[in-house]
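For reference, the chains in residue letters:
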Amino acid sequence: MLQYMIISISTCLCVLLGVAFFTLLERKVLGYVQFRKGPNKVGLWGIIQPLADAVKLFVKEKVMPYGSNQFLFLFAPFLSLVLALCLWHLYPSSFNFKFVCWGLLLFFCVTALNVYGIMLAGWASNSKYAFLGALRAAAQTISYEVSMLLLILFSAFVLKSYSWEEALKISFPVMLILLPMVLVWFSSTVAETNRAPFDFAEGESELVSGFNIEFGGGLFAMLFLAEYANILFMSMATSVWFMGSGFLQSILFPFEVLLVSCMFLLARGAFPRFRYDLLMGLCWKSFLPFSLCALCLTSLAYSF
């Protein structure tokens with residue numbers, strides 16, 4: 001039991017540290033996309049900038065909006081961060097103390113709960129802007145979650161496994177079977193994690209930062225730690241279920257995760273924000289029929 005607790009705490013600390021430096025990578029990538037340098041003053045190449053940002057955010061004064069539900073206002077960022085860290089216990093590693101045989105089903109359950117953190121954050125703020133942002137985020141997250149789960153089920157049916165460890169060991173590049181599926185999956189994960197160009201939960205031009213407008217300091221940092229932890233986890237899921245690492249999985253796997261996570265950053269720097277009605281139409285009229293057809297295709301293939 002003690003060994004399991006140590007491994008769990010170490011996993012959480014490593015994820016938070018990885019998220020901190022992923023924010024530095026994002027600022028560097030966006031800087032070079034816009035023909036400027038990113039953070040380069042705090043430490044060598046700005047390497048200490050994430051730690052300085054963390055200290056700045058967590059030592060700021062805690063401000064509670066007047067008339068807000070104080071318990072839920074404090075609970076929502078904590079819930080979002082805990083759910084994001086819970087997902088990372090599915091990480092396929094030889095150092096894990098316990099393995100989840102039906103890990104994909106656990107992924108479905110935890111992912112479905114993410115929307116509650118956003119909804120609670122928007123409703124408990126007692127702000128119309130925050131509440132409108134939370135409603136838009138909930139509709140977007142639930143919509144794209146359907147197509148995302150259907151696509152990962154396609155990969156699970158092809159690999160004949162619901163375990164993350166077994167899927168990584170099989171190392172079969174599922175994306176070669178149906179290449180457009182990977183693009184649909186990536187777009188669904190971008191919308192699921194509320195990233196640009198699908199960041200309607202935080203549409204600054206319409207909603208003044210959306211559901212998190214009333215949050216500041218440490219609570220704001222917890223919300224964005226959860227968001228970036230989910231981005232890295234979706235990058236890892238893409239590598240496990242769709243890309244395959246072959247015999248060199250211990251070497252290629254981290255680079256595949258880094259490649260997919262960098263695509264999140266390049267998409268933010270390259271594409272403008274969509275209109276909300278076009279985004280929802282893309283999900284229900286294009287992505288959902290495609291993912292259903294892909295799932296039916298693999299089901300028919302196994303029936304013959």
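Residues numbered from 1 in each chain as written. Predicted model: local features only at pLDDT ≥ 70, side-chain atom pairs only at ≥ 80, totals over all residues. Heavy atoms only, no water.

By the naming in an unreviewed UniProt entry, the chain is NADH-ubiquinone oxidoreductase chain 1, taken from Berthellina sp. TLT-2006. Per UniProt, the chain has the following entry under Sequence similarities (unreviewed entry): "Belongs to the complex I subunit 1 family." (UniProt positions renumbered as here; feature names shortened; annotations may be inferred.)

A. Structural detail: the overall build of the chain. Per the secondary structure count, the chain includes 11 helices and zero strands. The order of helices and strands in the chain, counted from the N terminus, is α-α-α-α-α-α-α-α-α-α-α. Here the C-alpha atoms of the chain give a radius of gyration of 20 Å, agreeing with the 19 Å that 2.2 N^0.38 yields for 304 residues. Across the chain, the fraction of contacts at a sequence separation of at least 24, relative to all contacts at a separation of at least 6, is 77%. When the accessible surface of the chain is totalled, it reaches about 15500 Å², and 73% of it is carbon and sulfur. (Helix = DSSP H or I, 4+ residues; strand = E, 2+ residues; numbered from the N terminus. Rg over C-alpha atoms; globule rule 2.2 N^0.38 Å. Contact = heavy atoms within 4.5 Å. Areas by Shrake-Rupley, 256 points an atom, 1.4 Å probe, with all protein chains shown as cover.)

B. Up close: the UniProt feature "transmembrane region" (unreviewed entry) in the chain. UniProt's feature table lists "transmembrane region" (unreviewed entry) at residues 71-91, 97-121, 142-162, 168-186, 207-226, 246-266 and 278-302, given in the numbering used throughout. Segment residues 71-91 splits into 81% helix and 0% strand. End C-alpha atoms: 32 Å apart. Secondary structure over residues 168-186 splits into 58% helix and 0% strand, and the C-alpha atoms at its two ends are 19 Å apart.

C. Molecular detail of the side chain of Ser291. Considering the arrangement of structural elements, one finds Ser291 in helix α11 (residues 276-303). Not counting the four nearest positions on each side in its chain, Ser291 is found in contact with Ser147, Leu150 and Leu151.

D. Structural context of the nonpolar core. Ranked by size, the top nonpolar core spans 79 residues in total, and within it Leu104, Phe107, Trp164, Phe233, Met236, Val240 and Trp241 carry the most contacts. Residue contributions to this core peak at 17 residues, all from helix α9 (residues 217-243). Leaving out residues up to four positions away in the same chain, Trp164 has contacts with Leu90, Pro92, Gly103, Leu104, Phe107, Phe233, Met236, Ala237, Val240 and Trp241. (Core = buried A, V, L, I, M, F, W, Y, C linked by side-chain atoms within 4.5 Å. Buried < 20%, exposed > 50% of the residue type's maximum accessible area, 1.4 Å probe, protein only.)

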